[in-house]
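For reference, the chains in residue letters:
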2 protein chains.
Amino acid sequence: MPRIRVIVTLKPSLLDSAGRTVADSLVKLGYSELTTARIGKVIDLEVTSYDEARVKEMCDKLLANPVIEDYRIEGVIE
Amino acid sequence: MPRIRVIVTLKPSLLDSAGRTVADSLVKLGYSELTTARIGKVIDLEVTSYDEARVKEMCDKLLANPVIEDYRIEGVIE
């Protein structure tokens, strides 16, 4: 069965406070090469048949919040 | 500056309750081709210089919980 990967990220203009905390912690641990970290979601969908238009619909209706998030359908993985 | 993408997923043997809820909701919305959904994290790191060994260390120390999660360094994006 095909597995489809969708990446959902916060829009670049929005502050990602979780990412900011991670970045600050890593710099404190000595990784001074780090400038920013942003955290999003990866959603792997297993479907009996893959239709990109339907996966796009799933993203628009439920998987992503279009007000604050962008999404990208990466397609079939593995 | 290079942006490095890291994908953190729950180990396949563990129940992903958030993913389960998403899958149930999508099936209720009529997407009956969906069998499972699993939700992980995507972490985009912006670094002044990229050293994969150091990014691996960041994952081991802070970004992933090795008890319940797997991670994969996807490398430089864009």
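Residues numbered from 1 in each chain as written. Chains lettered and ligands numbered in written order. Predicted model: local features only at pLDDT ≥ 70, side-chain atom pairs only at ≥ 80, totals over all residues. Heavy atoms only, no water.

Participant: What is the right way to read the overall build of chain A from this model?
Facilitator: Assigned secondary structure in chain A consists of two helices and three strands. When the helices and strands of chain A are placed in sequence order, the string is β-α-β-α-β. For chain A, the C-alpha radius of gyration of 16 Å lies well beyond 12 Å, the compact-globule estimate for 78 residues. For chain A, the C-alpha atoms occupy an extent of roughly 45 × 30 × 15 Å along the three principal directions. Taking all 78 residues of chain A together, the buried fraction comes to 37%. About 4300 Å² of surface is accessible on chain A, with carbon and sulfur atoms providing 53% of the total. (Helix = DSSP H or I, 4+ residues; strand = E, 2+ residues; numbered from the N terminus. Rg over C-alpha atoms; globule rule 2.2 N^0.38 Å. Buried < 20%, exposed > 50% of the residue type's maximum accessible area, 1.4 Å probe, protein only. Areas by Shrake-Rupley, 256 points an atom, 1.4 Å probe, with all protein chains shown as cover.)

Participant: Just checking my understanding: could you explain helix 2 (residues 52–63) of chain B for this structure?
Facilitator: If you check helix 2 of chain B, its first and last C-alpha atoms are just 14 Å apart, much less than what 12 residues at 1.5 Å a residue would give, namely 16 Å. Taken as a whole, helix 2 of chain B has its buried residues at Val55, Met58, Cys59 and Leu63 of chain B. Taken end-on, helix 2 of chain B shows its buried residues confined to a sector of 100 degrees, consistent with a single buried face. The inward-facing, buried residues of helix 2 of chain B contact helix 1 (17–28) and strand 2 (34–47) of chain A together with strand 1 (3–10), strand 2 (34–47) and strand 3 (69–77) of chain B. Where helix 2 of chain B begins, the side chain of Asp51 of chain B points an oxygen toward the backbone nitrogen of Ala53 of chain B, at a separation of 3.0 Å. (Expected span 1.5 Å × (residues − 1). Arc of directions from axis to C-beta. Contact = heavy atoms within 4.5 Å. Polar contact = N/O pair within 3.5 Å; in protein donor to acceptor, adjacent residues only side chain to side chain.)

Participant: Just to check I follow, could you spell out the environment of Arg38 of chain A for this structure?
Facilitator: Mapping Arg38 of chain A onto the fold places it in strand 2. Taking relative accessible area as the criterion, Arg38 of chain A reaches 27% and is therefore assigned partly exposed. Spatially, the C-alpha atoms of Arg38 of chain A and Pro66 of chain A are 18 Å apart, while their sequence positions differ by 28 residues. Setting aside chain neighbours within four positions, we find Arg38 of chain A in contact with Leu10, Lys11, Pro12, Leu14, Asp16 and Gly19 of chain A together with Val42, Ile43 and Asp44 of chain B. Within the structure, the side chain of Arg38 of chain A is placed 3.0 Å from the backbone oxygen of Lys11 of chain A, a separation counted as a polar contact.

Participant: Even after reading the chapter, I still don't get the pairing of strand 1 of chain B, so can you show me in this structure?
Facilitator: Residue and element names in this part refer to chain B. Bridging between strand 1 and strand 2 involves six bridges; their strand directions are antiparallel. Each bridged residue has a counterpart across the sheet, and for Arg5 the counterpart in strand 2 is Asp44. Across eight bridges, the pairing between strand 1 and strand 3 is antiparallel. Across the sheet, the residue bridging to Ile7 is Arg72, located in strand 3. (Pairing = 2+ DSSP bridges.)

Participant: Which parts of the structure should I look at to understand the interface of chain A and chain B?
Facilitator: Where interface size is given, it is often the accessible area lost as the parts come together that is meant. The interface of chain A with chain B comprises 35 residues on the first partner and 35 residues on the second. Interface of chain A and chain B: buried area, both sides summed, is about 3000 Å²; carbon and sulfur atoms make up 60% of it. Here chain A is connected to chain B by two salt bridges. Arg54 of chain B is the partner of Glu33 of chain A in a salt bridge, and the nearest nitrogen-oxygen pair spans 2.7 Å. The interface formed by chain A and chain B contains 18 residue pairs in polar contact (both at pLDDT 80 or more). Of all the elements in the fold, those that place two or more residues in the side of chain A that touches chain B are strand 1 (3–10), helix 1, strand 2 and helix 2 (52–63) of chain A. When residues in the side of chain A that touches chain B are grouped by element, the largest group, 14 residues, is from strand 2 of chain A. (Buried area = accessible area lost by both parts, 1.4 Å probe. Salt bridge = Lys/Arg side-chain N within 4 Å of Asp/Glu carboxyl O.)

Participant: Looking at this structure, I do not really get the relation of the copies chain A and chain B. What am I missing?
Facilitator: Two copies of the chain are present, and they differ by a rotation about an axis and a shift along that axis. Mapping chain A onto chain B is achieved by rotating through 180 degrees and translating by 0.0 Å along the same axis, at an RMSD of 0.0 Å. Those values place the two copies in the arrangement expected of a two-fold rotation axis. Relative to the rotation axis, the C-alpha of Lys41 of chain A is the closest in chain A, positioned 2.3 Å from it. In this assembly, 100% of the residues forming the interface of chain A have copies in chain B that are likewise at the interface, indicating an isologous arrangement. (Least-squares fit on C-alpha atoms with pLDDT ≥ 70 in both.)

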